[in-house]
Amino acid sequence: MRFLRRAVPLVWGLAMGIALCGNVYAKDETSRLAALNQRVKAIAEETTQVEAITRIQRLGRAFGYYTDKGYFGEAADLFTEDGTFQWGVDGIYKGKARIRELLTRHGGGSMKEAPGLPFGRLNLRMQLQPMVTIAADGKSAQARWREWGLLGQYRKVATWGDAIVEDRYVNDNGVWKIAARAYYLNFEAPYQGGWAKLQPVPGSNWQSDVAKAFPPDAPATQQYAPFPTVFVPPYHYADGNLRAIQSRPPVDAPKRPDDALGRLEALADARELALGRAHSVRAIENLQAMYGYYIDKGQWKKAAALFSKQGTYEFGQSGVYVGNASVERGLSLMGPAGLEAGQLNNYVMVQPIIHVAPDNRTAKARWRSDVQLARAGQGRWGGGVYENEYVNDAGTWKFSKLHYYVTFWGDYDAGWAAKPIAMDPPSTTNPPDKPPTVVYESFPKLQVVPYHYLNPVSGKPNTVE
Amino acid sequence: MRHFTNRISVRLLSGVLAAASVLVGSVAYAAPSTADLAAVEKQLNALGDRITRLQDMTDVEIVQHAYGYYVDKGQWRSLSELFSEDATLEIGGKGVFTGRPRVFQYMAEAFGLGGPKTGSLIDHQQFQCLPTIHEDGVTAEIRCIAFVMSSGGWGHNYYEDDFVKKDGVWQFKKLHGPFNMYSGYKLGWFDQVIVNTFPEKFLPFPDLPPTVIYLTYPSYYIEPFHYPNPVTGKAMPAPSPRAGGEAFGR
């Protein structure tokens, strides 16, 4: 009896002890579940952010496809109701109806007709090289684009167009729309003679004919002179915001416990890695675009800062420059910092094939550039292929290797077929750190730039023919 | 007295422990339920689908961009491997070639084997790709531009291509690339247009006739968009019947 009376409370105490320990274990599981739910929330937010980048890219591309073929109302519909369009230094047009008319007048369309263009009208406005920054709250975004135009009227006029665009976007209940487009026209140059033969425009007196007949609703936010004056349209990332070129930092996922929660924790690890890699693809698209926009305007130091500490830069047959300071030296082979008056240095960045490593630490990409140059009144076309490598530096992507293989250089007036131009040998006044890694000649000689990838579908090596 | 004390202390101890466990238990330290875990798994699976879509968009662009790089250097075998066994190819006005072997034959016979040819630039650049992955996750469409810089001059064309995902690998199901504007270098589109191709223009003859008759620059044709307006969701309206004519806008 006495034993029982003493045993009961002992057992009771033991049961309470076990329950308390069990509760501690349950508390641990509860906090694991809470942590897991936090991770799920963060994965969802980042997925939405990466999806937003693709939606912004889609908006800009759709805009181009509409304006190409006289679908100006449909292009204007991509804007918010009170959206604005600033055309060069002409001024700002407000609201979709005004934007539709603006695009129609510049594009040669008709306000009376269903979509289309008249016989002989060319209004090709390629929307290229997007550099997209989604705001942290997911409610707004900005992007820098390049518009490359083939414009004209058959047997009347043929023109090259070049512009930098800075867009602002808003997320209107899940639908991304253009809130404001700033179209910094750089030049409209006649096909004969091209941009190199353009004369400086005095002051800011270069209002378009369209603006004279169709005045804007408000003056432009800033005046500038077109090419051959070198003007740098403001960057939406001038404050040093590097969100666009950032992704998940590399992590080694820990080994998870072998229980139900552990299996979900491991699943979250896999999602984070896959998402990080998808995010990295876009970060690298943005990085290449950012680099290209700096090169356009001779901003060698800013471009060189996008390389890792031991990053390498190799252009044509100029040799290899190693490390940020050297890369800056190598870039300066293109001209003085900020370019000289009348210098055009457009390197259009297009056609990416980006492969991020399974661990999200490095990446390789093939890119192409078309090149529009002008210097001392001489114009030049160029083309080439990059095979680059990138590194994820604690979440910010950087170039570890940039290698531009020149396909061709050609005199503007005669063309590349009639008057190809050979590559420069390594500079003796500003020599590289290492000689060229591959020795080759450019057009009229042609060779296959080595691929970093096997055939994307068959997985087989790339064939010679 | 000791017996009384023992009973009090035992009861006191039990009471304290009982109170403590009630307190501890009341702060919701139950182990996660099956329902809790199922909810997390469901969310992670849904996110997995969305992340896969993001990778799908990159993968179809890779196939399209790879096509362009292979064309540049006459790598016709590699190019044909980008196509599904039963894919079709229609470029310009040449008509339709059906099946992967015919894709290879068209390229090899029309443009020659042996890789790139000295002095013959044929850069077929792939710009501005707008991919749409369908809900089923195994079909997709893309609109792109082919911008050609060649020894002959300029070319600007649109693609409206279809893709299929077979055994996890995205590949061309249909390449449809009508010409838009071709012109020689000397005068460009001012007055040196190059006309569209047609089935008999050069060998090989196609397997099927062209799917659509259209006019290139300086006339007007719009290859229909596979996607609705990204903002309004509206389908594309037909162009004016007067588009491309002198009467347009009058």
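Everything numeric in this text was worked out from a predicted model, so none of it was measured.

K.L.:
Just give me the short version of the state of the cysteines, but keep the residues and values in it.
P.N.:
All names here are of chain B. The full count for this structure, using the stated rule, is one disulfide over all chains. Between the sulfur atoms of Cys129 and its disulfide mate Cys144 the distance is 2.2 Å. Judged by the sign of its S-S torsion, about 110 degrees, the cystine formed by Cys129 and Cys144 is right-handed. Within this pair, whereas Cys129 is found in strand β3 (residues 122-133), its partner Cys144 is found in strand β4 (residues 139-150), the two being separated by 15 residues in sequence. Across the pair, Cys144 and Cys129 agree in class, each one buried.

K.L.:
Go over the interface of chain A and chain B, please, and point to the residues and values.
P.N.:
By a frequent convention, interface size equals the accessible area lost on bringing the separate parts together. In this assembly, 122 residues from chain A lie in contact with 117 residues from chain B. If you sort the residues of chain A by the area they bury against chain B, A:Arg58, A:Tyr65 and A:Glu465 come out on top, with a joint share of 8%. Remark: the boundary between chain A and chain B carries six salt bridges. Between A:Glu465 and B:Arg77 there is a salt bridge, and its shortest N-O distance comes to 3.4 Å. Connecting chain A to chain B are 58 residue pairs in polar contact (both at pLDDT 80 or more). Ranked by the residues each element gives to the side of chain A that touches chain B, the list is headed by helix α1 (residues 2-68) of chain A, at 31 residues. Broken down by class, the residue content of the side of chain A that touches chain B amounts to 68 nonpolar, 26 polar and 28 charged.

K.L.:
Outline the confidence of the model for chain B, supporting the account with residue identities and numerical values.
P.N.:
Mean pLDDT for chain B: 93, with 88% of residues reaching 70 or above. For this predicted complex, the interface score ipTM comes out at 0.95, while the overall pTM is 0.94.

K.L.:
So what about the pairing of strand β11 (residues 378-393) of chain A? Which residues, and what values?
P.N.:
All names here are of chain A. Both strand β10 (residues 362-375) and β11 contribute to a ladder of 14 bridges, which runs antiparallel. Looking across to β11, one finds that Val371 is bridged to Gly382. Hairpin connection from β10 to β11: two residues lie between these consecutive antiparallel strands, with Ala376 at a positive phi of about 50 degrees. Direction of pairing for β11 relative to strand β12 (residues 396-411): antiparallel, over a ladder of 12 bridges. Of the residues in β12, the one forming a bridge with Arg380 is Asp411. What sits between β11 and β12 in their antiparallel hairpin is a turn of two residues, with Ala394 showing a positive phi close to 50 degrees.

K.L.:
Explain the packing of helix α5 (residues 260-296) of chain A against helix α2 (residues 34-72) of chain B to me, using residue names and the numbers behind them.
P.N.:
The geometry of α5(A) relative to α2(B) is characterised by a closest axis approach of 10 Å and an angle of 20 degrees between their N-to-C directions. Between α5(A) and α2(B), the angle is such that the two are roughly parallel. α2(B) is crossed by α5(A), and the crossing has left-handed handedness. Listed contacts from α2(B) to A:Ala260, A:Leu261, A:Leu264, A:Leu267, A:Ala268, A:Arg271, A:Ala274, A:Leu275, A:Ala278, A:Val281 and A:Arg282 of α5(A) are B:Leu37, B:Val40, B:Glu41, B:Leu44, B:Asn45, B:Gly48, B:Ile51, B:Leu54, B:Gln55, B:Met57 and B:Thr58. Taken together, the residues of the contact of α5(A) with α2(B) break down into 15 nonpolar, four polar and three charged.

K.L.:
Tell me what's going on with unusual backbone geometry, and back it up with residues and numbers.
P.N.:
Trans is the prevailing form of peptide bonds, just as negative phi is the prevailing case for residues other than glycine. Omega for the peptide link from A:Phe443 to A:Pro444 comes to 20 degrees, which places this bond in the cis form. Examined against the element boundaries, A:Pro444 turns out to sit in the segment after β13 (415-420). Going from B:Tyr217 to B:Pro218, the amide bond is cis rather than trans, its omega being 15 degrees. Looking at the secondary structure, you find B:Pro218 in the segment after β7 (179-184). For A:Ala394, which is not glycine, the phi torsion reads 50 degrees and is therefore positive. A:Ala394 gets classed as exposed once you look at its relative accessible area, which sits at 61%.

What counts and what doesn't
- Residues numbered from 1 in each chain as written.
- Chains lettered and ligands numbered in written order.
- Predicted model: local features only at pLDDT ≥ 70, side-chain atom pairs only at ≥ 80, totals over all residues.
- Heavy atoms only, no water.
- Disulfide = S-S within 2.5 Å.
- Helix = DSSP H or I, 4+ residues; strand = E, 2+ residues; numbered from the N terminus.
- Buried < 20%, exposed > 50% of the residue type's maximum accessible area, 1.4 Å probe, protein only.
- Contact = heavy atoms within 4.5 Å.
- Buried area = accessible area lost by both parts, 1.4 Å probe.
- Salt bridge = Lys/Arg side-chain N within 4 Å of Asp/Glu carboxyl O.
- Polar contact = N/O pair within 3.5 Å; in protein donor to acceptor, adjacent residues only side chain to side chain.
- Nonpolar A, V, L, I, M, F, W, Y, C, P; charged D, E, K, R; others polar.
- pLDDT = per-residue confidence, 0-100.
- Pairing = 2+ DSSP bridges.
- Axes fitted to C-alpha atoms, helices over the stretch in contact; angles between N-to-C directions.
- Parallel < 35°, antiparallel > 145°, perpendicular 65-115°, else oblique.
- Left-handed = near helix turned anticlockwise from the far one by under 90°.

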